[in-house]
Amino acid sequence: MTSVEMFGIKFKNPVITASGTFTRDYEDFFPLSKLGGICTKGLTLNEKEGNSGVRIHETTGGLLNSIGLQNPGVDRYISKELPHMEKYDTVIIANVGGSTMEEYVRTVEKLNNTNIHIIELNISCPNVKEGGMAFGIKSDIAFKVVSEVKKVCKKPLIVKLSPNAENILDMAYKCCEAGADGLSLVNTFSGMAIDIKNRKPVFDNTIAGLSGPCIKPIALRMVYEVSRIVNVPIIGIGGIVDYKDALEYIMAGALAVQVGSGNFMKPDICLDIINGIEEFMEKENIKSLEEIRGIARRY
Amino acid sequence: MKPKQCNGKVLSNIKILDNIYEMKLTGDFQGNPGQFYMLRSWDKEPFLSRPLSICNIEGNLLTFLYEVKGKGTDIFSKLREGNVLNLLGPLGTGFPLNNEGKIGVVAGGIGIAPMIYLCKSLKNDIDFYGGFREKPFYMDTIGKNVNKLYISTDSGKEGYNGFITDIFNPEEYSVVYTCGPMPMMSKVKNICEEKNVPLYISMEKRMACGVGACLGCSIKTTSGIRRVCKDGPVFRGEEIIFHD
Ligand SMILES: Cc1cc2nc3c(=O)[nH]c(=O)nc-3n(C[C@H](O)[C@H](O)[C@H](O)COP(=O)(O)OP(=O)(O)OC[C@H]3O[C@@H](n4cnc5c(N)ncnc54)[C@H](O)[C@@H]3O)c2cc1C
Ligand SMILES: Cc1cc2nc3c(=O)[nH]c(=O)nc-3n(C[C@H](O)[C@H](O)[C@H](O)COP(=O)(O)O)c2cc1C
Ligand code: FES
């Protein structure tokens, strides 16, 4: 009843864990095969140690993070971690990061020959050749990187949009033009915090990424607007902590959702959301999520 | 021992000094010294749960010793008998308990919290060094489980007037355990290294998930990047790099 389909791949339900917020460590708390899908931590060509200093700072209704894409590198992920992930009967999405166009392309090439189902391109990463501005800010730069990746990518390609894009609609449109098979949105919002005792920014990098319930209304608006102008599948992300949040995204036009920071509140929050959606559908006599997907766009 | 979600019912929650509280919960708890729980007694705000070390477990009783620092611990301090908290744990890797010989324990301030359960669980002879700012607390409980008790206060109100590390000599210990402020632990590490005594350090870092997923609590160690919540909070002394 709750199942959805994207690129011919069946998801048991529309609930996927968001990149960087969920690992196998959660298997102590519930069977991960219950999930619609699992999205990996952002993978880069080489190992990354991540950022120094404070990495997490709680805010009202969410948190700022400055993890800095800490990951073992794509090769080690494929040899050491992926074999464990493959045990779960769920869709595995590899999230790919990079600091140059070539890095994205080479990382995706390595993932082509694995059992990963889908690739999600994280274009919120700083572009070292363009002075550190994220690939996901200017749509012409995003267009280039998505086009290059699309040429080599043998898996369905989802592009994960940054809400910090100059123009989210233009960005969504250009990514689809460049060949994106689907879009997921949003990544974290640029934010910061200042330690007033020490009179300096909390984070070594000054700017960090905001996530959690505080971003939901803005993220939802973006999903709603984007879903009106593109016709590829959309995954809604941002501040989902219960089944009502998830259904809002679906009614705004999302085919599936990702839950990120919510996992930190309660380790099996995704299970609650899945059950909540199912109960809602039963109560409201909804046979398939297709009946309500994008239903709010009529207004 | 696998961590799980569970509820704890407040049996008592008392102020033992200024902003230091002791909270006893009833429920079904497990855990080793040095392990911790993520706690929340609220729904969606504050957003994150708060990590607290196991201070003691006896039967169905779990004790936390905590200092009120901000929003979360302030809410904890207002809990009354019968209130219910959501707990996630036991989490992390605790202290190794299989060392022979005499043991030194060095704790500073609220860092004594995990050391209480540690001292109760160790069969060895223990010398306890407790450093405090104003006044010592919980020393009666500690006193019952150790051979010798060394106390220092910055204020000079009790015990040695100065830092606990001034009077700490590890020479007769086969192993030393420490938990407390970073500058104190850094000094303990230097002293132990000088005398070639093995050391275990309990680290602290801000946490989001507490289970090893978010990488928010990563620290750089001599054995690579490690997560305080899963690979720690207890690390071998030689692994920790202090920036002072
Ligand atoms: C493994 C571990 C065990 C701990 N055991 C104890 C204990 O037994 N007793 C005790 O009093 N304290 C303990 N602490 C510290 C305690 O978690 C913090 O004091 C507490 O989280 C502060 O929350 P707050 O809402 O009062 O402060 P706020 O400043 O409002 O908290 C804001 C955010 O920062 C985090 N934070 C703030 N200070 C710390 C800190 N020192 N360490 C980690 N996170 C922090 C909070 O968890 C929260 O996410 C432990 C910390 C860790 C990592
Ligand atoms: C700790 C943390 C780490 C994250 N790491 C990544 C990452 O590696 N790649 C990525 O595309 N997004 C990453 N994100 C963004 C999330 O996947 C998600 O897009 C964002 O947090 C918004 O959703 P939420 O409000 O449900 O958390 C991370 C978020 C958090 C909180
Ligand atoms: S707190 Fe999330 S990995 Fe340690």
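All values derive from a computational prediction rather than experimental measurement. (Residues numbered from 1 in each chain as written. Chains lettered and ligands numbered in written order. Predicted model: local features only at pLDDT ≥ 70, side-chain atom pairs only at ≥ 80, totals over all residues. Heavy atoms only, no water.)

### So, the overall build of chain A
Consideration 1: Helices and strands together make up the secondary structure of chain A, namely eight helices and 16 strands.
Consideration 2: In terms of C-alpha radius of gyration, chain A reaches 18 Å, essentially the compact-globule figure of 19 Å for 299 residues.
Consideration 3: For chain A, the spread of C-alpha atoms along the three principal axes comes to 50 × 50 × 40 Å.
Consideration 4: A buried classification covers 58% of the 299 residues belonging to chain A.
Consideration 5: Of the contacts formed within chain A by residues at least 6 apart in sequence, a portion of 68% connects residues at least 24 apart.
Consideration 6: By element, 49% of the accessible surface of chain A is carried by carbon and sulfur atoms, the whole surface being about 12,100 Å². (Helix = DSSP H or I, 4+ residues; strand = E, 2+ residues; numbered from the N terminus. Rg over C-alpha atoms; globule rule 2.2 N^0.38 Å. Buried < 20%, exposed > 50% of the residue type's maximum accessible area, 1.4 Å probe, protein only. Contact = heavy atoms within 4.5 Å. Areas by Shrake-Rupley, 256 points an atom, 1.4 Å probe, with all protein chains shown as cover.)

### Some points on the state of the cysteines
Consideration 1: Within this structure, the stated rule accounts for zero disulfides over all chains.
Consideration 2: The closest cysteine sulfur to the non-disulfide-bonded Cys153(A) is located on Cys39(A), 13 Å from its own sulfur.
Consideration 3: There is no disulfide at Cys179(B), and the cysteine sulfur nearest it, in Cys55(B), is 11 Å away.
Consideration 4: For Cys179(B), a relative accessible area of 11% corresponds to the buried category. (Disulfide = S-S within 2.5 Å.)

### Brief notes about the domain arrangement of chain B
All names here are of chain B.
Consideration 1: On domain assignment, one finds that chain B holds domain 1 (4–91), domain 2 (95–202) and domain 3 (204–239).
Consideration 2: Relative placement of domain 1 and domain 3: their C-alpha centres are 21 Å apart.
Consideration 3: Taken together, the contacts link seven residues of domain 1 with eight residues of domain 3.
Consideration 4: Between domain 1 and domain 3, a total of about 580 Å² is buried, with carbon and sulfur atoms accounting for 73% of that surface.
Consideration 5: The largest per-residue losses of area from domain 1 upon contact with domain 3 belong to Phe36, Met38 and Leu48, which jointly make up 53% of the total buried on that side.
Consideration 6: For the interface between domain 1 and domain 3, the tally reads zero salt bridges.
Consideration 7: One can count zero residue pairs in polar contact (both at pLDDT 80 or more) joining domain 1 with domain 3.
Consideration 8: For the side of domain 1 that touches domain 3, the elements supplying multiple residues, two or more each, are strand E3 (36–40) and strand E7 (84–91).
Consideration 9: Its residues assigned to classes, the side of domain 1 that touches domain 3 comprises six nonpolar, one polar and no charged. (Domains from an automatic or database assignment. Buried area = accessible area lost by both parts, 1.4 Å probe. Salt bridge = Lys/Arg side-chain N within 4 Å of Asp/Glu carboxyl O. Polar contact = N/O pair within 3.5 Å; in protein donor to acceptor, adjacent residues only side chain to side chain. Nonpolar A, V, L, I, M, F, W, Y, C, P; charged D, E, K, R; others polar.)

### As for the sheet that holds strand E13 (residues 199–202) of chain B
Across a sheet, paired strands are connected by hydrogen bonds in the backbone, their directions being either parallel or antiparallel.
Residue and element names in this part refer to chain B.
Consideration 1: With respect to topology, seven strands assemble into an open sheet ordered E11-E10-E9-E8-E12-E13-E16, the strand pairing being mixed. Among the strands making up the open sheet, the edge pair consists of strand E11 (160–161) and strand E16 (234–236).
Consideration 2: The sheet contact formed by strand E10 (residues 148–153) and E11 spans two bridges and is parallel. Residue pairing for E11: Thr153 is matched across the bridge by Asn161.
Consideration 3: In the packing of helix H4 (residues 182–194) onto the sheet, the strands contacted are strand E8 (103–108), strand E12 (175–179) and E13, and the crossing angle to E12 comes to about 165°. (Pairing = 2+ DSSP bridges. Axes fitted to C-alpha atoms, helices over the stretch in contact; angles between N-to-C directions.)

### Focus on the interface of chain A and chain B
Size of an interface: often given as the accessible area lost when the parts come together.
Consideration 1: Between chain A and chain B, the contact holds 33 residues from the first and 31 residues from the second.
Consideration 2: For the pair chain A and chain B, the summed buried area comes to about 2,600 Å², and 57% of that belongs to carbon and sulfur atoms.
Consideration 3: At the surface where chain A touches chain B, the tally comes to five salt bridges.
Consideration 4: In this structure, the salt-bridge partner of Asp242(A) is Lys44(B), at a minimum N-O distance of 3.1 Å.
Consideration 5: Counting every contact that joins chain A to chain B gives 13 residue pairs in polar contact (both at pLDDT 80 or more).
Consideration 6: Mapped by element, the contributors of at least two residues to the side of chain A that touches chain B are strand E5 (56–59), strand E6 (62–65) and helix H7 (262–265) of chain A.
Consideration 7: Among the elements that line the side of chain A that touches chain B, the one with the most residues is E5(A), at four residues.
Consideration 8: Class assignment for the residues of the side of chain A that touches chain B results in twelve nonpolar, twelve polar and nine charged.

### A look at the pattern of salt bridges
Consideration 1: All chains considered together, the criterion is met by 33 salt bridges over all chains.
Consideration 2: Note that Glu193(B) and Lys189(B) form a salt bridge whose closest N and O atoms lie 3.0 Å from each other. On the criterion of helical spacing, the pair formed by Glu193(B) and Lys189(B) is a turn pair, its members being four residues apart in helix H4.
Consideration 3: We classify Glu193(B) as partly exposed; its relative accessible area is 43%.
Consideration 4: A relative accessible area of 11% places Lys189(B) in the buried class.
Consideration 5: Residues joined by salt bridges that share partners form a network here, namely Asp25(A), Arg227(B), Lys230(B) and Asp231(B).

### Thoughts on the site of ligand 2
All names here are of chain A.
Consideration 1: Around ligand 2 lies a shell of 23 residues, among which Ser19, Lys160, Gly212, Gly239 and Ser261 are the nearest.
Consideration 2: Asn95 is positioned with one of its side-chain polar atoms (N or O) 3.0 Å from an oxygen atom of ligand 2.
Consideration 3: Taking Lys160, its side chain carries an N or O atom lying 2.8 Å from an oxygen atom of ligand 2.
Consideration 4: Compared with its free state, where it exposes 600 Å², ligand 2 has 98% of that area covered by protein.
Consideration 5: Per-class residue counts for the shell around ligand 2 are six nonpolar, 15 polar and two charged. (Near = heavy atom within 4 Å.)

### Quick word on the pairing of E7(B)
All names here are of chain B.
Consideration 1: Taking burial as the measure, the eight residues of E7 include six buried ones, the bulk of the element.
Consideration 2: Pairing of strand E1 (residues 4–17) with E7 involves six bridges; the strand directions are antiparallel. From the neighbouring strand, Lys9 faces E7, where its bridge partner is Val84.
Consideration 3: Pairing of E3 with E7, which is carried by four bridges, proceeds in the antiparallel orientation. Bridging from a neighbouring strand, Met38 pairs with Leu88 of E7.

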